[in-house]
Amino acid sequence: MKKDNISNNVIRRLPRYLRKLDDLLDAGVCRISSFELGKQLGFTPSQIRQDFSCFGGFGLQGYGYNVQELRDSIATILGTDRGYKAVLIGAGHIGHALMDNFCFTQWGFDIIRAFDVDPEKIGEEFGKVTVSPMDELENFLSQNHVDMAVLTVPRSAAVAVAERVTACGVKAIWNFTNVELFEPGSPIIVENVHFSDSLLSLSYYISDAAKEPVSDK
């Protein structure tokens, strides 16, 4: 399976393919062409074939794609079967909402511990996940392999906390703090989640649509 020099744009499209394929399976669809898949996603058939060719290609000419096999292949590419270990740092509103409503295990991550500085949150449990004090962070990370940290701490604490977890060997951060944590070129993998960026993009499209001339009909 080819994986050399995969562009960021292709990687960003893979989760969309996965969601659509899950929807197709739920609808009982067993086979789909690149034309129909592209139509449903707003992509051209050539774009889809080009994306999949980055990983060796999955369809058969004249047959299309087996939906289940394609879904499983993309899920494997995305690493949903790896069982990555993660910790949540910051058990406030965003952290609480994530633990209560987001199914990490469905996407290949297992949250094994949460941390917070608030004494009132220490000992709380999100399902099977216990909230521990921040002064136990380094000891826990030294005794447990952790692939990713979910950061939902206040902006003022973001950089310091990120430096603490990466100093303990954590290589990836899912960052909800609205702070740029590391300089470009850092070996640490950071996925930034900026709610404001998404909302402002929506605002632009609403504003742009409002500029369209109104018909006199």
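In the block above lies the structure referred to throughout.
We now turn to the structure provided with this report. (Residues numbered from 1 in each chain as written. Predicted model: local features only at pLDDT ≥ 70, side-chain atom pairs only at ≥ 80, totals over all residues. Heavy atoms only, no water.)

### Section: the packing of aromatic side chains
Consideration 1: Taken as a whole and assessed by the stated rule, the structure comprises 12 aromatic pairs.
Consideration 2: On the basis of an interplanar angle of 70 degrees and a centroid distance of 5.6 Å, the ring pair of Phe52 and Phe58 is categorised as edge-to-face.
Consideration 3: The class of Phe52 is buried, set by a relative accessible area of 1%.
Consideration 4: Through a chain of ring-to-ring contacts, three or more aromatic side chains come together here, namely Tyr17, Phe43, Phe52, Phe58 and Tyr65. (Phe/Tyr/Trp six-rings, centres within 6.5 Å; stacked < 30°, edge-to-face > 60°. Buried < 20%, exposed > 50% of the residue type's maximum accessible area, 1.4 Å probe, protein only.)

### Observations concerning the sheet that holds strand 4 (residues 109–116)
Consideration 1: With mixed pairing, seven strands are arranged side by side in an open sheet as 5-6-4-3-7-8-9. Sheet topology places strand 5 (125–126) and strand 9 (189–192) at the edges, where each strand pairs with a single neighbour.
Consideration 2: Alignment of strand 8 (residues 172–175) against strand 9, held across four bridges, turns out to be parallel. Paired with Ile173 across the strands is Val190, a residue of strand 9.
Consideration 3: On top of the sheet, helix 7 (residues 155–167) reaches strand 3 (84–89), strand 7 (148–151) and strand 8; it is set at about 165 degrees to strand 7, its chief contact. (Pairing = 2+ DSSP bridges. Helix = DSSP H or I, 4+ residues; strand = E, 2+ residues; numbered from the N terminus. Contact = heavy atoms within 4.5 Å. Axes fitted to C-alpha atoms, helices over the stretch in contact; angles between N-to-C directions.)

### Here's the deal with the pairing of strand 4
Consideration 1: One ladder, built from six bridges, connects strand 3 with strand 4; its direction is parallel. Bridged to Leu88 within strand 4 is Ala114.
Consideration 2: Note that the unit made of strand 3, helix 5 (residues 93–101) and strand 4 has a crossover that is right-handed.
Consideration 3: As defined by bridge partners, strand 4 adjoins strand 6 (residues 129–133) across three bridges and the pair is classed as parallel. Each residue of the ladder has a partner; that of Ala114, found in strand 6, is Val131. (Right-handed = clockwise from strand over helix to strand, strands pointing away.)

### Brief notes about helix 4 (residues 67–77)
Consideration 1: Considered for burial, the residues of helix 4 that qualify are Val67, Leu70, Arg71, Ile74, Ala75 and Ile77. The buried residues of helix 4 occupy an angular sector of 160 degrees when projected down its axis, which confines them to one face.
Consideration 2: Contacts from the buried residues of helix 4 go to helix 1 (8–26), strand 1 (31–32), helix 2 (34–41), helix 3 (45–53) and strand 2 (65–66).
Consideration 3: N-capping of helix 4 is provided by Asn66, with a side-chain oxygen placed 3.1 Å from the backbone N of Gln68. (Arc of directions from axis to C-beta. Polar contact = N/O pair within 3.5 Å; in protein donor to acceptor, adjacent residues only side chain to side chain.)

### A word on the pattern of salt bridges
Consideration 1: Evaluation of the coordinates by the stated rule reveals seven salt bridges.
Consideration 2: Among the salt bridges present, the one from Asp81 reaches Arg82, with a minimum N-O distance of 3.8 Å.
Consideration 3: A relative accessible area of 47% means that Arg82 is categorised as partly exposed.
Consideration 4: Two residues, Asp118 and Lys121, come together in a salt bridge whose shortest N-O distance is 3.1 Å.
Consideration 5: Classification of Asp118 as partly exposed rests on a relative accessible area of 24%. (Salt bridge = Lys/Arg side-chain N within 4 Å of Asp/Glu carboxyl O.)

### Things to note about the side chain of Asp116
Consideration 1: Relative to the assigned elements, Asp116 resides in strand 4.
Consideration 2: The side chain of Asp116 sits in the buried core without any salt bridge; Lys121 is the nearest counter-charge, 4.8 Å away.
Consideration 3: Sequence-distant contacts of Asp116, defined by excluding residues within four places in its chain, comprise Gly90, Ala91, Gly92, Lys121, Ile122, Val131, Ser132, Pro133 and Met134. (Lys, Arg positive; Asp, Glu negative; His and termini not counted.)

### Focus on the packing of helix 2 against helix 3
Consideration 1: Taken N-terminus to C-terminus, the directions of helix 2 and helix 3 make an angle of 105 degrees; their axes are 8 Å apart at the nearest point. As judged from the angle between their axes, helix 2 and helix 3 are roughly perpendicular. For the pair helix 2 and helix 3, contact is made by Ser34, Phe35, Leu37 and Gly38 and by Pro45, Ile48, Arg49 and Phe52, respectively.
Consideration 2: When its residues are assigned to classes, the contact of helix 2 with helix 3 shows five nonpolar, two polar and one charged. (Parallel < 35°, antiparallel > 145°, perpendicular 65-115°, else oblique. Nonpolar A, V, L, I, M, F, W, Y, C, P; charged D, E, K, R; others polar.)

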